[in-house]
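# Structural overview for review
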There are 2 protein chains.
Amino acid sequence: LGVDLFFEGSEKKIEVVVAREKIEGQCLRLLGDSFWGKIVEDCNAQILSKISNDSVTAYLLSESSLFVWDDRFVMITCGTTVLVNSIMSFLKKFDTSIIESLIFQRKNEYFSHLQKTSFLDDIDNLQKMIKGKSYRFGDLDGHHNYLFHIDRPFKPAKEDKTSELLMYHIKGEAKEVFSSQRQTLETIRNFFNFEELLPGFIIDDYLFDPFGYSVNAIKDSYYATFHITPEADTSYVSFETNLNNDEDPENRKLLGKVIEMFKPTTFDIVSFNSDDNSDVQSSSCHQLVNQIKDILDIGYHVNFCHFIEKQNKVGKAVVI
Amino acid sequence: LGVDLFFEGSEKKIEVVVAREKIEGQCLRLLGDSFWGKIVEDCNAQILSKISNDSVTAYLLSESSLFVWDDRFVMITCGTTVLVNSIMSFLKKFDTSIIESLIFQRKNEYFSHLQKTSFLDDIDNLQKMIKGKSYRFGDLDGHHNYLFHIDRPFKPAKEDKTSELLMYHIKGEAKEVFSSQRQTLETIRNFFNFEELLPGFIIDDYLFDPFGYSVNAIKDSYYATFHITPEADTSYVSFETNLNNDEDPENRKLLGKVIEMFKPTTFDIVSFNSDDNSDVQSSSCHQLVNQIKDILDIGYHVNFCHFIEKQNKVGKAVVI
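Being a predicted model, the structure only gives us computed values, none of them experimental. (Residues numbered from 1 in each chain as written. Chains lettered and ligands numbered in written order. Predicted model: local features only at pLDDT ≥ 70, side-chain atom pairs only at ≥ 80, totals over all residues. Heavy atoms only, no water.)

### Details of the relation of the copies chain B and chain A
Each copy superposes on the other: chain B lies on chain A with an RMSD of 0.0 Å after a rotation of 180 degrees and an axial shift of 0.0 Å. The transformation just described matches what one would write down for a two-fold rotation axis. The C-alpha atom lying nearest the rotation axis in chain B is that of H113 of chain B; the distance is 1.9 Å. Looking at the interface residues of chain B, 100% of them are also at the interface in chain A, so both copies use one shared face. (Least-squares fit on C-alpha atoms with pLDDT ≥ 70 in both. Contact = heavy atoms within 4.5 Å.)

This is the structure in structure tokens:
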């Protein structure tokens, strides 16, 4: 019955880019584990472990992940965390003039009434420190993704491409593996086969009790991360990466492979300067039910797509 | 800009059937306007007007509708009303042994975090007085409809058939008519053309300020009711009727006609002992994305269908 528990997997995400020359020590990574540990604690999460290479440090958190490069960081949190508290804690430690870009995102939740704040609450708070613009990608009665960015001129680097794949109601082997009472890190790693899925990446993963699994993967300045909440009726898996999906033909297939692994009933793809959903659309057994494309003032082409499995069976009511 | 205001159109609904011989005066309608006015006030709504015939009294409410027959009543409320307070107020006035059937429904809301209670809160309260079973029709990340019924043997009458049509994001003439600053009851009645849509029905309607329209219609023991909240980005129209859709060929076409009038981007049909969505499915420009069918212990075949317009254009992000 443990798998009937509810855990809100839907994430909030912050990406901050700083002007390196304006920060003491000239590098976000040199701020150290205790600095980032404190930032993470400010939204009631903890650092569980870390991996590092020449470009990026990846912290695995009790509620998702934090990636820190020399000039930027990406933090993703789930559950009922108030991520905006961590952002404000970071901003208070520096003059906000060091911030070149700040993008805050928040997905629709399964149970928004159980969250401590709404997106509008978050933005009201954040704008006490730094002004910006807010958008919603997707309809309020369907999947949607809120996005706030600060109102400063910004030009993303050519290779700055991100894809977020958010999957609901997983099926098949994935469901078996992640909701089994006998799950182990070994069975899960076999399921992923990271050597083939993400060749050359360093892997850091964690199995939560009683359910849930997170993994960070890094290679050069690239990252990939999965967060899995397998609880029945509310299962949710997120995959996010800055691999340049539209150049390497193998990477182009990455999202499709992951969808095939998890067999979600519904999923969203949110991409930044990366138009990587065309393969998915033509090959899968899912239908596109909503697509929103827009160009942000800060130079990102954002593409939001909501897919639902083609209807082929009639379900039963869920007893609650 | 008024049309950018938000009003939660998504309804809660209660249907109660009593054993007539067990109530004083032997008839729910004889309880009178002041009795029902008090019940309505208990969820912070007011009676605005009423119409009546030999079988049913229809009250138009500040938040939707109340229909009272001799042995049953149906109350529908929207906004942030706590309908369960009215139900408990009704139950307190009688011994609960008079209740033959009680079905409470609640739709997913646009903004569930703005509601005063969740469905589970409602059911916890209600079950302090009367026990039952709860179900959810539809997935948590899509449209869904919660349903609670009491746990007593019940056999619906053969003619007891209900259809609920819940429409989102209306377009075309309907959008124009209901969100125009120059809207009048006359333009709205012309739009509906009730004489053709619901021939022989008595009509009672109300235009809210600045936006919103409700109408009750009755004929013999039949009722039909529309509630329209046209606010941009969160427009919502509900239509509900106990017309026997699957017998009269004209009535079979009724839901399809209404969908054609409002051109919603998405809609749900929830039917009780009435399988009236087959025409819709084959003729419309919408695709069925989820269907849940189940038979309740109390004898109702419930069919929940969620339709989304076939994707044919890419949208823009909404500035918020």
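### Some thoughts on the interface of chain B and chain A
A common measure of how large an interface is: the accessible area buried when the components associate. With 38 residues of chain B at the contact, the number on the chain A side is 38 residues. Summed over both partners, the interface of chain B with chain A buries about 3500 Å², with 55% contributed by carbon and sulfur atoms. When the buried surface of chain B facing chain A is broken down by residue, L140, D141 and I320 of chain B rank first, second and third, together holding 19% of it. Across the pair R136 of chain B and D233 of chain A runs a salt bridge, and its minimum N-O distance is 2.7 Å. Across the contact surface, chain B and chain A share 19 residue pairs in polar contact (both at pLDDT 80 or more). Sorting the residues of the side of chain B that touches chain A by element identifies β7 (132–137), β15 (286–295) and β17 (318–319) of chain B as the ones contributing at least two each. In terms of residue count, the dominant contributor to the side of chain B that touches chain A is β15 of chain B (eight residues). The residue makeup of the side of chain B that touches chain A, split by class, is 17 nonpolar, 13 polar and eight charged. In the sheet, strand β7 (residues 132–137) of chain A pairs with β17 of chain B via two bridges, with the strands oriented antiparallel. Across the sheet, the residue bridging to R136 of chain A is V318 of chain B, located in β17 of chain B. (Buried area = accessible area lost by both parts, 1.4 Å probe. Salt bridge = Lys/Arg side-chain N within 4 Å of Asp/Glu carboxyl O. Polar contact = N/O pair within 3.5 Å; in protein donor to acceptor, adjacent residues only side chain to side chain. Helix = DSSP H or I, 4+ residues; strand = E, 2+ residues; numbered from the N terminus. Nonpolar A, V, L, I, M, F, W, Y, C, P; charged D, E, K, R; others polar. Pairing = 2+ DSSP bridges.)

### Some points on the sheet that holds strand β2 (residues 47–52) of chain A
Strand order in the open sheet formed by nine strands is β2(A)-β3(A)-β4(A)-β5(A)-β1(A)-β6(A)-β8(A)-β7(A)-β17(B), with antiparallel pairing between adjacent strands. The sheet is open, and its two borders are formed by β2 of chain A together with β17 of chain B, each paired with just one other strand. Across six bridges, β7 of chain A lies against strand β8 (residues 145–150) of chain A in antiparallel orientation. From the neighbouring strand, G132 of chain A faces β8 of chain A, where its bridge partner is I150 of chain A. Lying on the sheet, helix α1 (residues 32–41) of chain A is in contact with β2, β3 (57–61), β4 (64–68) and β5 (72–77) of chain A; it crosses β2 of chain A at an angle near 135 degrees. (Axes fitted to C-alpha atoms, helices over the stretch in contact; angles between N-to-C directions.)

### A closer look at unusual backbone geometry
With an omega of 5 degrees, the peptide bond between D209 of chain A and P210 of chain A qualifies as cis. Residue position: P210 of chain A is located in the loop between β10 (202–207) and β11 (213–219). For N193 of chain A, which is not glycine, the phi dihedral falls at a positive 50 degrees. Its location among the elements puts N193 of chain A in the loop between α5 (185–192) and α6 (194–197). For N193 of chain A, a relative accessible area of 32% gives the class partly exposed. The residue S64 of chain B is not glycine, and still its phi comes out positive at about 85 degrees. Checked against the element boundaries, S64 of chain B lands in strand β4 (residues 64–69). (Buried < 20%, exposed > 50% of the residue type's maximum accessible area, 1.4 Å probe, protein only.)

### Re the sheet that holds strand β14 (residues 266–272) of chain B
Residues and elements named next belong to chain B. With antiparallel pairing, eight strands are arranged side by side in an open sheet as β10-β11-β12-β13-β9-β14-β16-β15. Either end of the sheet is taken by a strand with one partner, and the two such strands are β10 (202–207) and β15. Looking at each pair of strands side by side, their axes are set apart by 10 degrees on average, direction ignored. Running over the sheet, helix α8 (residues 254–262) touches β9 (162–168), β12 (222–229), β13 (236–241), β14 and β15 and is turned about 15 degrees from β9.

### Here we look at helix α3 (residues 119–126) of chain A
All names here are of chain A. For α3, the set of buried residues is F119, D122, I123 and L126. Mapping the buried residues of α3 onto a view down its axis gives an arc of 95 degrees, with all of them on the same face. Those residues of α3 that are exposed and angled more than 90 degrees off the buried face are L120 and D124. The inward-facing, buried residues of α3 contact α2 (83–92), β6 (99–107), β7 and β8. (Arc of directions from axis to C-beta.)

### Brief notes about the environment of L126 of chain B
Residue and element names in this part refer to chain B. Looking at the secondary structure, you find L126 in helix α3 (residues 119–126). Sequence separation between L126 and E176 is 50 residues; the distance between their C-alpha atoms is 41 Å. For L126, the contacting residues outside a window of four places in its chain are V84, I87, M88, L91, L102, F104 and F148.

### Topic: the pattern of salt bridges
Using the criterion set out here, one finds 38 salt bridges over all chains in the structure. Put simply, R106 of chain A and D122 of chain A hold a salt bridge, and the shortest N to O gap is 2.8 Å. Of the two residues, R106 of chain A is situated in strand β6 and D122 of chain A in helix α3; the sequence distance between them amounts to 16 residues. A residue is classified by how much of its surface remains accessible, and R106 of chain A, at 3% relative accessible area, is buried. One salt bridge in this structure joins K38 of chain B and D42 of chain B, with 3.0 Å as the shortest N-O distance. Relative accessible area serves as the criterion here: at 39%, K38 of chain B is assigned to the partly exposed category. Overall, the relative accessible area of 25% leaves D42 of chain B in the partly exposed class.

### A few points about the pairing of β6 of chain A
Residues and elements named next belong to chain A. The element β6 is extensively covered by neighbouring structure, given that eight of its nine residues are classed as buried. Where strand β1 (residues 12–18) meets β6, seven bridges bridge the pair, whose relative direction is antiparallel. By the bridge assignment, V18 is partnered in β6 with I99. Relative to β8, β6 is paired through five bridges, and the arrangement is antiparallel. Counted as the bridge partner of R106 is Y146 from β8.

### Observations regarding the packing of aromatic side chains
In this structure the tally under the stated criterion is 64 aromatic pairs over all chains. Between F226 of chain A and F239 of chain A, the aromatic rings sit 4.4 Å apart at their centres with planes inclined by 25 degrees, giving stacked as the arrangement. One end of the pair, F226 of chain A, is in strand β12 (residues 222–229); the other, F239 of chain A, is in strand β13 (residues 236–241), with 13 residues separating them in the sequence. Both residues of the pair, F226 of chain A and F239 of chain A, belong to the buried class. Note on F272 of chain B and Y300 of chain B: the rings are 6.0 Å apart at their centroids and 85 degrees apart in plane angle, and the pair reads as edge-to-face. Here the residue F272 of chain B occupies a position in strand β14, and Y300 of chain B occupies one in the loop between β15 and β16 (301–309), the gap between them amounting to 28 residues. A relative accessible area of 4% places F272 of chain B in the buried class. Judged by relative accessible area, Y300 of chain B falls into the buried class, the value being 2%. In textbook terms, an aromatic cluster arises when at least three aromatic residues are bridged by ring pairs, as seen for F178, F191, F192, F194, Y213, F226, F239 and F262 of chain A. Looking at K13 of chain B, its charged tip hangs above the ring of F272 of chain B, at a distance of 5.6 Å from the centre. (Phe/Tyr/Trp six-rings, centres within 6.5 Å; stacked < 30°, edge-to-face > 60°. Lys NZ or Arg CZ within 6 Å of the ring centre and 35° of its normal.)

### Regarding the environment of V82 of chain A
Residue and element names in this part refer to chain A. Within the fold, V82 resides in the loop between β5 and α2. For V82, a relative accessible area of 10% puts it in the buried group. Considered as a pair, V82 and D122 are 40 residues apart in the sequence and their alpha carbons are 8.0 Å apart. Beyond its immediate chain neighbours, meaning those up to four positions away, V82 contacts C43, K116, T117 and D122.

That's the geometry; what it means functionally is another story.
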